[in-house]
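# Report on the structure
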Amino acid sequence: MTKEERTPESILHSEQASLYRTKQKIYEYAFANDWTNGLFFTITFNPELVDSLIYDDCYERMYQFLKNVKRQNPDFKYIFVPELHKSGRIHFHGIGTNCDKLELTDSGKTQKGKKIYNINSRTFKYGFTTVSKIENTEKVSNYITKYITKELISATKGKHRYLYSKNLELAEVETVMLNDKDLFMKSVELNPNVSYKKVYVEEETEQEIIYIHVKK
């Protein structure tokens, strides 16, 4: 089927599949790594310095920023994802750890009892930042995927939709045939090395996927 022949239904199906794949991949990266004591970032671009309506410009600024942080912190691990506002402007959110040399300043503000920091303006020159400490890996793994929406997928067709460091741990995927799911899940509950689990249902196929985090 050519582009000209594609129906609205086929286009919608393709976008939904891309949405699922992107969210699943980000979640797998986040889930497989420990972000405890790491940082949660929100990046907003100054419209006088960066046209945040142009995705490629925003992506390039984020790429350069993360490259500079990585240069100063070789063990830096991160995942950053874009958020598309209703205005059409792009923001970025991210999770990172092992970046002790990143200069932060206390903003003097708190949110839900947590201190809010800013990245030193010499380090990020293109806008405004907020940074807070991550307290729970499971929660932040869920949270970071919520910014990937069908509107973002449509707006970034054919483009990189997230940035991640090459030193992330990768999830070990194992496919097993279960004769007794309840018995298997009971063994998971009793395993002292299991720190948490998540059951995810894929919307299109209604296939149930169980993520299990096992301590090494």
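Parameters at a glance
- Residues numbered from 1 in each chain as written.
- Predicted model: local features only at pLDDT ≥ 70, side-chain atom pairs only at ≥ 80, totals over all residues.
- Heavy atoms only, no water.
- Helix = DSSP H or I, 4+ residues; strand = E, 2+ residues; numbered from the N terminus.
- Pairing = 2+ DSSP bridges.
- Core = buried A, V, L, I, M, F, W, Y, C linked by side-chain atoms within 4.5 Å.
- Buried < 20%, exposed > 50% of the residue type's maximum accessible area, 1.4 Å probe, protein only.
- Contact = heavy atoms within 4.5 Å.
- Salt bridge = Lys/Arg side-chain N within 4 Å of Asp/Glu carboxyl O.

### Here we look at the environment of serine 154
Within the element layout of this structure, serine 154 appears in helix H4 (residues 150–155). Between the C-alpha atoms of serine 154 and glutamate 15, which are 139 residues apart in sequence, the distance is 6.9 Å.

### Focus on the pairing of strand E5 (residues 114–119)
As paired elements, strand E4 (residues 104–111) and E5 share six bridges and run antiparallel to each other. Bridge pairing in E5 links glutamine 111 to lysine 114. Connecting E4 to the next strand, E5, in antiparallel fashion are two residues, including lysine 112 with a positive phi near 55 degrees.

### Details of the nonpolar core
In terms of nonpolar packing, the biggest core is built from 42 residues, with Met62, Ile79, Phe80, Phe92 and Ile95 touching the most fellow members. Mapped by element, the contributors of at least two residues to this core are helix H1 (8–31), strand E1 (39–45), helix H2 (55–72), strand E2 (77–84), strand E3 (90–97), E5, helix H3 (137–144) and H4. Residue contacts for phenylalanine 80: discarding those within four places in its chain leaves Phe41, Ile43, Met62, Leu66, Phe92, His93, Gly94, Ile95, Tyr162 and Leu163.

### Topic: the side chain of serine 132
Looking at the secondary structure, you find serine 132 in strand E6 (residues 127–133). If sequence neighbours within four positions are ignored, serine 132 has contacts with Gly38, Leu39, Phe40, Lys114, Lys115 and Ile116.

### Re the pattern of salt bridges
Counting across every chain of the model gives three salt bridges. Here glutamate 103 and arginine 122 are joined by a salt bridge, their closest N and O atoms 3.1 Å apart. Here the residue glutamate 103 occupies a position in the loop between E3 and E4, and arginine 122 occupies one in the loop between E5 and E6, the gap between them amounting to 19 residues. What makes arginine 122 exposed here is its relative accessible area of 57%. Ionic pairing is found between lysine 115 and aspartate 106, a salt bridge with its closest N-O pair at 3.7 Å.

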